Amino acid sequence: MSAERVALLTGSLAEQRVARMADELRNDALDPVVVNIGVKVAALMTAEIIERRLKMPDAVDRVVLPGRFRGDLDRLSDRFGAQFERGPEELADLPTFFGQGGVEPDLSRHDCLIFAEIVDATGLSVEEIVARARMLAVDGADVIDLGCMPDTTFPHLEDSIAALAEAGFRVSVDSADGEELARANRAGASYLLSLNENTLGIADEGNAVPVLVPSSPGDMASLLRAMDAMEARGAPYLADPILDPIHFGFTESVVRYAELRRQRPEAPILMGIGNVTELTDADTTGINAILMGMISELRIAAVLAVQVSPHCRTAVREFDRARREFFAAREANSLPQGFGGGLMALRDRRPVTSTASDIESLAGQIRDPNYRIQVSEAGVHVFNRDGHWVAADPFDHFPHLAVEGDAAHAFYLGVETARAEIAFRLGKRYAQDEGLRFGVAAGTSESVEEAHKMGFKEAGATLAAKRGAKAEPS
């Protein structure tokens, strides 16, 4: 079998690096050939430029363009009779790109419902509850959970359930008051949180699916009896052994979930995550990744997410991304790596795309006054035809920047060097004129998903260009 011949299109400034990378990638299965399209910066390529200038090498199977190319790929494929596709945005990611065959992970599927709790529902109006539900649904919630507060009346419980149902939401009600749960069941709630073996009669008040819990903390025997009772009726349920906070039974509670799955291989299980995410001073992306790992391995059917503490404000969004990435990884019999990195908020797996020597070589080729900014393991690099400076702190760069009398340019360079410093100190990927990416924890307009939408972005954006872009309708 002959090696696949792939043309790598690039510009003159990156040609040497691409050629070195091509040599490293070449093997019995892949024969990359570098093609300089005749522009300095690869991002300046357009479909029209490629059509005019490309001289297709012989026997090319496909053509890989830089990831920031925004031209019409189908048009180019038809014109040259070979498959055109976008590669990674950074040259350093080419090995990974070819290792995965250039295929984007399918994140459209999952097998875990998200219950998103509105903890303060009793203190909100019906309209406010529906508005909150719409926001949670955008973040990925499948079921809206109405939290009932102890010793607080909920006179508009029935109206809230009806309004949410009319708006198309499935509703669960979470209460320690049996009468409130009975009211919710009669009003048409889809789920009740929570019943135990002593309160199963409430399930007969309507058609809601009960979430079953132990009658006392850690009492797995009582939970199993409640499950048996529901199965004897032929009625659906979800079982929740309860996840406890760290230092208050967390490890034992994890064992309970595993033991329940061992004893009941097919039972539908729910895990509430709030006792860990809300009660731990740590970024929730990492916590949710670990919890999702357990959920994925144990085939847990549903998760109850809470967003009360400010540091948990994206818990639903994070779990939505986690359930998709982990499902894809499990289906591929793979580690949860290389499936989009939506939970990589503070760090990137490959933050540096160019070494200090690569940037020094590039800086030596620059013949214009425009400032380039890049990050290497050595720090933040700022360079143009007049010099090349390396530092981490933007204030150390400022004396070398010729921006006297140009407030807009000074502002722009201040923003970019500050972004670069953040990227350098955290270990994140930096690209000039692009917002830093914080996964699903804090989306930017230049997110991974946006990067794959059609629409050409002008290279070398300035403050004025950014203002113009914002003024245009989306």
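Predicted model, so just to flag it, every value in this text is computed and none were measured.

## Regarding the overall build of the protein chain
Secondary structure assignment for the protein chain yields 17 helices and 15 strands. Taken along the three principal axes of its C-alpha coordinates, the protein chain extends 80 × 60 × 40 Å. Counting all 474 residues of the protein chain, 49% fall into the buried class. Relative to all contacts within the protein chain whose residues are 6 or more apart in sequence, the contacts with residues 24 or more apart total 60%. Of the side-chain charges in the protein chain, 49 are positive and 73 negative, and the distance between the mean point of each set is 6 Å.

## A short note on the packing of aromatic side chains
If you walk through the whole model with that rule in mind, you get three aromatic pairs. The interplanar angle of 35° and the centroid separation of 5.6 Å between the aromatic rings of Phe 80 and Phe 84 together place this pair among those described as tilted. Across the pair, exposure class does not vary: Phe 80 and Phe 84 are buried alike. Ring centres of Phe 115 and Tyr 191 lie 4.8 Å apart, and the angle between their planes is 70°; on these two criteria the pair is classed as edge-to-face. Placement of Phe 115 in strand E5 (residues 113-118) and of Tyr 191 in strand E8 (residues 191-195) is noted, with a sequence separation of 76 residues between them.

## Considering the confidence of the model for the protein chain
Interpretation of the predicted coordinates at a detailed level should be avoided for regions scoring low in pLDDT. Per-residue pLDDT for the protein chain averages 90, and the proportion of residues at 70 or more is 92%. Here residues 445-474 is modelled with pLDDT under 50, and outside its nearest four sequence neighbours on either side it reaches 35 contacts, counting other chains as well.

## Re the sheet that holds strand E2 (residues 30-36)
Taken together, four strands build an open sheet; the order of strands is E2-E1-E3-E4 and the sheet is parallel. This sheet does not close on itself; its edge strands, each paired only once, are E2 and strand E4 (83-86). In this sheet, neighbouring strand axes are inclined to one another by 25° on average, regardless of whether the strands run parallel or antiparallel. Along the sheet face, helix H1 (residues 15-25) touches strand E1 (4-10) and E2 and points at about 170° away from the line of E2. Across the sheet, helix H3 (residues 73-80) is in contact with strand E3 (62-65) and E4; its angle to E4 comes to roughly 150°.

## Overview of the nonpolar core
Among the nonpolar cores identified, the biggest contains 65 residues, and Ile 144, Leu 146, Leu 164, Val 173, Leu 212 and Met 227 are the most heavily contacted of them. Here the element with the most residues in this core is helix H8 (residues 220-233); it accounts for six residues. Beyond its immediate stretch of four places on either side in the chain, Val 173 contacts Asp 145, Leu 146, Cys 148, Leu 157, Ile 161, Leu 181, Ala 184, Ala 189, Tyr 191, Leu 192 and Leu 193. Ranked by size, the runner-up nonpolar core spans 20 residues in total, among them Leu 9, Val 35, Ile 49 and Phe 84.

Criteria and thresholds
Residues numbered from 1 in each chain as written. Predicted model: local features only at pLDDT ≥ 70, side-chain atom pairs only at ≥ 80, totals over all residues. Heavy atoms only, no water. Helix = DSSP H or I, 4+ residues; strand = E, 2+ residues; numbered from the N terminus. Buried < 20%, exposed > 50% of the residue type's maximum accessible area, 1.4 Å probe, protein only. Contact = heavy atoms within 4.5 Å. Lys, Arg positive; Asp, Glu negative; His and termini not counted. Charge placed at Lys NZ, Arg CZ, Asp CG, Glu CD. Phe/Tyr/Trp six-rings, centres within 6.5 Å; stacked < 30°, edge-to-face > 60°. pLDDT = per-residue confidence, 0-100. Pairing = 2+ DSSP bridges. Axes fitted to C-alpha atoms, helices over the stretch in contact; angles between N-to-C directions. Core = buried A, V, L, I, M, F, W, Y, C linked by side-chain atoms within 4.5 Å.

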